[in-house]
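Observations on chain architecture
If you want the building blocks of each chain, they are given just below.
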Amino acid sequence: MNRRFAHNISIFLLDLILSVISSVFALLVLRVIYGEILYFNRLCTIWLLTSLLATVAGILISGSFRVVVRHSTLKSVNKIIVSTLCKGLLFLAVWLLGTFHHFEVPVSNYFWILLLLDLMLSFILPLLTRLLIINAYDSFRRDYAEEVKKVPVVVYGTSNKAVAMVTRLSTSPNYNVIGFLSPLKANSGLIIHDLPVYTYSDEASLADLRNRLGFECVLFADHDAAEAARKDELSLMCVHSGIHVLNTPRIAETHFGSLSGEALKAVSNQEMILDGMSSFGRITKRIADCALSGLLLIVFSPLILICFLAIKLDDKGPAIYKQERIGRFGRPFNIYKFRSMRTDAEAAGPALYSGDDDPRLTKVGKFLRVHHLDELPQLWNVFMGDMSFIGWRPERKFYIDQIMEQDPRYYYLYQIRPGVTSYATLKNGYTDTMEKMLRRLEFDLYYLRHRSWWFDIKILFQTFVSIVFGKKF
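Model, not experiment: these values are computed from the prediction.

Thoughts on the overall build of the chain
Secondary structure summary: the chain contains 17 helices and ten strands in total. Within the span of the chain, comprising 473 residues, buried residues form 46% of the whole. Sequence separation of 24 or more characterises 72% of the internal contacts of the chain that already satisfy a separation of 6 or more. About 24600 Å² of surface is accessible on the chain, with carbon and sulfur atoms providing 63% of the total.

Focus on the side chain of Thr425
Looking at where Thr425 falls in the secondary structure, it is placed in helix α15 (residues 423–428). By relative accessible area, which is 12% here, Thr425 ends up buried.

Thoughts on helix α10 (residues 279–299)
Taking 1.5 Å of rise per residue, the 21 residues of α10 would be expected to cover 30 Å, and the 30 Å separating its terminal C-alpha atoms lies within 8% of that figure. Along α10, the residues classified as buried are Gly281, Arg282, Ile283, Lys285, Arg286, Asp289, Cys290, Ser293, Gly294 and Leu296.

Overview of helix α2 (residues 40–62)
Taking 1.5 Å as the rise per residue, α2 with 23 residues should run 33 Å; its terminal C-alpha atoms sit 31 Å apart, in good agreement. Along α2, the residues that are buried comprise Phe40, Leu43, Cys44, Ile46, Trp47, Thr50, Ser51, Ala54, Thr55, Gly58, Ile59 and Ser62. Positioned one or two residues after α2, Gly63 has a phi angle of 70°, which is positive.

Quick look at the side chain of Asn187
With respect to the secondary-structure elements, Asn187 resides in the loop between β2 (175–182) and β3 (191–192). Within the structure, Asn187 has its side chain in polar contact with the side chain of Ser182 (distance 2.9 Å).

Overview of the nonpolar core
Membership of the largest hydrophobic core comes to 40 residues, with the highest contact counts inside it found for Tyr410, Tyr414, Tyr423, Leu445, Tyr447 and Ile459. Within the residue set of this core, elements represented by two or more residues are α11 (301–315), β8 (332–338), α13 (378–384), β9 (388–391), α14 (397–406), α15, α16 (434–450) and α17 (453–468). A per-element tally of this core places α16 first, with seven residues.

Concerning the pairing of strand β1 (residues 151–156)
Consecutive side chains of a regular strand alternate in pointing toward one face of the sheet and then the other. Most of β1 sits out of view: five of its six residues are buried. One ladder, built from six bridges, connects β1 with β2; its direction is parallel. Along β2, the bridge assignment pairs Val151 with Tyr175. One ladder, built from three bridges, connects β1 with strand β5 (residues 217–220); its direction is parallel. Note on β5: the bridge partner recorded for Val153 is Cys217.

So, the pairing of strand β4 (residues 195–199)
Note that β2 and β4 share three bridges and pair parallel. Pairing of Ser182 across the sheet is with Thr199, part of β4. Summarising the sheet, β3 and β4 pair through two bridges and their orientation is antiparallel. Its bridge partner lying in β4, Ile191 is registered against Pro196.

Observations regarding a nonpolar patch on the surface
Taken together, the side chains of Ile9, Leu13, Ile17, Ile21, Val24, Phe25 and Leu28 define a hydrophobic patch exposed on the protein surface, amounting to about 570 Å² of accessible area. Here Leu13 shows up in helix α1 (residues 2–34).

A closer look at the confidence of the model for the chain
Chain-level pLDDT for the chain is 75 on average; 75% of the residues reach the 70-or-more range. Model confidence for the chain, summarised as mean pLDDT per element, is weakest for helix α9 (residues 261–269) at 43 and strongest for β9 at 93. Segment residues 1–6 is flagged for pLDDT under 50; beyond a separation of four residues in sequence, or across chains, it makes two contacts in the model.

Things to note about the packing of aromatic side chains
Tallied over the entire structure, the rule returns ten aromatic pairs. Both rings, one in Trp392 and one in Tyr414, keep their centres 6.2 Å apart while their planes meet at 50°; by these two values the pair is tilted. Of this pair, Trp392 sits in the loop between β9 and α14 while Tyr414 is found in the loop between α14 and β10 (419–422), placing the two residues 22 residues apart along the sequence. The two residues Trp392 and Tyr414 agree in class, both being buried. Pairwise contacts between aromatic rings join Tyr423, Phe443, Tyr446, Tyr447 and Phe455 into one cluster.

Some remarks on the pattern of salt bridges
Any two side chains of opposite charge can pair, so long as their charged atoms come close to each other. Counted according to the given criterion, the structure contains eleven salt bridges. Note that Asp118 and Lys87 form a salt bridge whose closest N and O atoms lie 2.8 Å from each other. Note that Asp118 is positioned in helix α5 (residues 111–144) and Lys87 in helix α3 (residues 73–96), a separation of 31 residues in sequence. On the basis of relative accessible area, Asp118 is assigned to the buried category, the value being 0%. Salt bridges sharing common partners tie together Asp275, Arg282 and Arg451.

Description of unusual backbone geometry
Positive phi values are uncommon outside glycine, yet His372 reaches one of about 60°. Among the structural elements, His372 can be located in the loop between α12 (363–370) and α13.

Re the packing of α11 against α12
Where α11 contacts α12, the two axes come as close as 8 Å, and the packing angle between them is 150°. Relative to α12, the element α11 is oriented roughly antiparallel. Touching Cys307, Ala310, Ile311 and Asp314 of α11 are Lys363, Val364 and Leu368, all from α12. Along the lines of polarity and charge, the residues of the contact of α11 with α12 split into five nonpolar, no polar and two charged.

Rules of the game
Residues numbered from 1 in each chain as written. Predicted model: local features only at pLDDT ≥ 70, side-chain atom pairs only at ≥ 80, totals over all residues. Heavy atoms only, no water. Helix = DSSP H or I, 4+ residues; strand = E, 2+ residues; numbered from the N terminus. Buried < 20%, exposed > 50% of the residue type's maximum accessible area, 1.4 Å probe, protein only. Contact = heavy atoms within 4.5 Å. Areas by Shrake-Rupley, 256 points an atom, 1.4 Å probe, with all protein chains shown as cover. Expected span 1.5 Å × (residues − 1). Polar contact = N/O pair within 3.5 Å; in protein donor to acceptor, adjacent residues only side chain to side chain. Core = buried A, V, L, I, M, F, W, Y, C linked by side-chain atoms within 4.5 Å. Pairing = 2+ DSSP bridges. Patch = residues over 30% accessible without salt bridge, like charges linked within 9 Å, V, L, I, M, F, W, Y side chains within 5 Å. Salt bridge = Lys/Arg side-chain N within 4 Å of Asp/Glu carboxyl O. pLDDT = per-residue confidence, 0-100. Phe/Tyr/Trp six-rings, centres within 6.5 Å; stacked < 30°, edge-to-face > 60°. Axes fitted to C-alpha atoms, helices over the stretch in contact; angles between N-to-C directions. Parallel < 35°, antiparallel > 145°, perpendicular 65-115°, else oblique. Nonpolar A, V, L, I, M, F, W, Y, C, P; charged D, E, K, R; others polar.

Pasting the structure below:
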């Protein structure tokens, strides 16, 4: 615990120093732009003190200093974004309270430029610093040991097939097998082929084992009847803990495009489907999602206000409708939409939307649905990190439970964020039956395995074209 606390303190101090440095740079850039500034020294003092207090508050609120695992860079991005936004809000509060003018500092003419510079640097510097530290750490390990170029992995099970896999991987340039993983306590302490057997009992013990040993992936051999029963349970634990899972390849890679019958069958036979996007791709995707959603919230704010007023004037009910959906890592979140149905639309229980003729639609709601304007509040979900622009459409637990009864592979989708639009939406349309939901799952799993920046751009473009030409989905 003390060691982990020390790591937290180190990260806290590092982020605090970098944030204050960002404020110093912002002030220097402002000085270069405007030249001589009246009471500049006084401005620097007030600005830096506010930056110090705002940064401490932002770090504590976001909990960014608690992200100490080198594999959690993507999570760090979200935490840094929240911390930076908190800092910006406190600066706004100080400005609105007239603190600067109280000390005779005329900051009105350049406050927004200074604030924008400060926040940009406060996000970029900590992020780049963490990436540089990770790269430096990796470089040190590469110089320190020959094996560090290989991905540290454990092999599940102690069957003959698992041992055979370890034998094959002993000459692999990609994997460094550090041991076997077993759910059986009786196997604890065993040594097989000079490799120890590590045991786990639940998700917490698995995560602790990963942090202690540093393995990044669990490898599964082919089916083995003696150990297959616990395999799906472990796969789910790995998905929740952010541990990669790889199976012995069984099918040839399919090319990007429409799913043919053979491709669908191949996906159905795949036991474990992993996120096809690289770590760098996931980081840049989250940054792009946050930047674009923030920009669109500003650009579309007049339209959002018009939709809000139209709904309120139509039936006096609440304009924003929120509903619990299941998102990344299987965690629930509230999805936001403009209300398009009567307030008692689900008084009799959960019911799927049945199309433009659904009697529960309000007059304004029908217009919003047809033109997809009811989805605008989801920009906030994207900005906050609950969703992405492209992903799998989030569903209610009520329907997820029914889907999983027929196809438990649904939990593989929990590796990534759900999206405002999806590949499945384009190909499968709106899902109002269980058959369509299962069909949608096939497309979502295909997207999960093959997703990339190019794939996302293509989906986004096709969605835009579909909306422009009035396609209903």
